[in-house]
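# Tertiary structure, described
The primary structure of each chain is shown beneath.
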Amino acid sequence: AQRVTQPEKLLSVFKGAPVELKCNYSYSGSPELFWYVQYSRQRLQLLLRHISRESIKGFTADLNKGETSFHLKKPFAQEEDSAMYYCALGRGSTLGRLYFGRGTQLTVWP
Amino acid sequence: EPEVTQTPSHQVTQMGQEVILRCVPISNHLYFYWYRQILGQKVEFLVSFYNNEISEKSEIFDDQFSVERPDGSNFTLKIRSTKLEDSAMYFCASIGVLGMPQHFGDGTRLSIL
């Protein structure tokens, strides 16, 4: 069965510190992984997808199939990064449903 | 940038009543989705819709729920005989070009009293 695990419900760091939001998935096929961000009860916005391998707002995420992980990283956190972050899994096609993790609330202190 | 639009932003309804949540997907999109998020829980898939029919639904999407694309622009979620546990944030999403990620609306907060 497909499952996405975000072990940390809350994560706090100080401005300028590195941050890593963990995401592990369970899926026997070829996954598509995404990170969505939700600022202050706004809409879910796509932050990253694994196939694009790009950096958005200084965030990067690498798919590690051996560890079934897709951790989100940023070397220097900013206060405006404070938000809810959701890892999501698609089953090899973005036409299909997404499976979401429970989310990690990131707070960046000044 | 075009957006998925959802109305109303907040709906308060008495238990047992029917509600219709409305979504206007991005205009050239072809695939539509409803998700819900109960307070404090994860975002859960309800249903996907393509070519005027349901393509996939979750175990949550029982006979109480239905979806419709009545006029080529709106995409609606109807919940009949609402229950307290239907209280949640409901998100609509859409995609257009094959292989692109889902775009989400702002959500409708449904409160059942």
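See above for the structure.
Counting of residues starts from 1 at the beginning of each chain's written sequence and follows it residue by residue. Following the order in which they are written, the chains are lettered starting with A and the ligands numbered starting with 1. At least 70 in pLDDT is required for a residue's local features to be given in this predicted model, at least 80 for side-chain atom pairs to be given and counted, and no such filter applies to totals for whole chains, interfaces and linings, which use all residues. Computation of side-chain values: all heavy atoms of the structure, hydrogens and water removed.

## Remarks on the state of the cysteines
Residue and element names in this part refer to chain A.
- Cysteine sulfur atoms that pair up within 2.5 Å are treated as a disulfide. On inspection of all chains with the given rule, the structure shows 2 disulfides over all chains.
- Paired through a disulfide, C23 and C87 show a sulfur-sulfur distance of 2.0 Å. Given an S-S torsion of about -65°, the disulfide between C23 and C87 has left-handed geometry. Of this pair, C23 sits in the loop between β3 (19-21) and β4 (24-26) while C87 is found in strand β9 (residues 83-90), placing the two residues 64 residues apart along the sequence. Numbering goes from the N terminus for both helices and strands, where a helix is a DSSP run of H or I of at least four residues and a strand is a run of E of at least two.

## A closer look at the interface of chain A and chain B
- Residue contacts are defined here by distance: any two heavy atoms, one from each residue, within 4.5 Å place the two residues in contact. If you look at the interface, chain A gives 20 residues, while chain B gives 23 residues.
- When a carboxyl oxygen of Asp or Glu is within 4 Å of a side-chain nitrogen of Lys or Arg, the pair counts as a salt bridge. The interface formed by chain A and chain B includes 3 salt bridges.
- Broken down by secondary-structure element, the contributors of at least two residues to the side of chain A that touches chain B are β5 (32-38), β6 (45-49) and β10 (98-100) of chain A.
- Per-element accounting of the side of chain A that touches chain B gives the leading share, 3 residues, to β5(A).
- Within the side of chain A that touches chain B, the residues separate by chemical class into 9 nonpolar, 5 polar and 6 charged. Residues are grouped as follows: Ala, Val, Leu, Ile, Met, Phe, Trp, Tyr, Cys and Pro are nonpolar; Asp, Glu, Lys and Arg are charged; every other residue, Gly included, is polar.

## With respect to the nonpolar core
- Side-chain atoms within 4.5 Å link the members of a nonpolar core, which is a set of buried Ala, Val, Leu, Ile, Met, Phe, Trp, Tyr and Cys residues. Residue burial is assigned from relative accessible area. The probe radius is 1.4 Å, only protein chains are included, and a residue is buried under 20% of its type maximum, exposed over 50%, and partly exposed in between. Counting 25 residues, the largest nonpolar core has V19(A), L21(A), W35(A), L47(A), L72(A), Y85(A) and L106(A) as the members making the most contacts within it.
- Only β2 (10-14), β3, β5, β6, β9 and β11 (104-109) of chain A provide two or more residues apiece to this core.
- Among the elements that make up this core, the one with the highest residue count is β9(A) (4 residues).
- Apart from residues no more than four positions distant in its own chain, L47(A) is found in contact with W35(A), Y36(A), V37(A), I56(A), F59(A), L72(A) and Y85(A).
- Listed in part, the 22 residues of the second largest apolar core include V19(B), F49(B), V67(B) and I112(B).

## Re the sheet that holds strand β8 (residues 75-79) of chain B
Residue and element names in this part refer to chain B.
- Strand pairing follows a simple DSSP-based rule, namely that at least 2 bridges must link the two strands. Read from one edge of the open sheet, 4 strands run β1-β3-β8-β7, paired in antiparallel fashion. Edge positions in the sheet fall to β1 (5-7) and β7 (65-68), since each of these pairs with one other strand and no more. Along the sheet, successive strands turn relative to each other by an average axial angle of 20°, direction set aside.
- The sheet contact formed by β7 and β8 spans 4 bridges and is antiparallel. Following the sheet pairing, E68 is matched in β8 by T76. In this analysis, axes come from line fits to C-alpha atoms, helices being fitted only over the stretch in contact, and the angle between any two N-to-C directions falls in the range 0 to 180 degrees.

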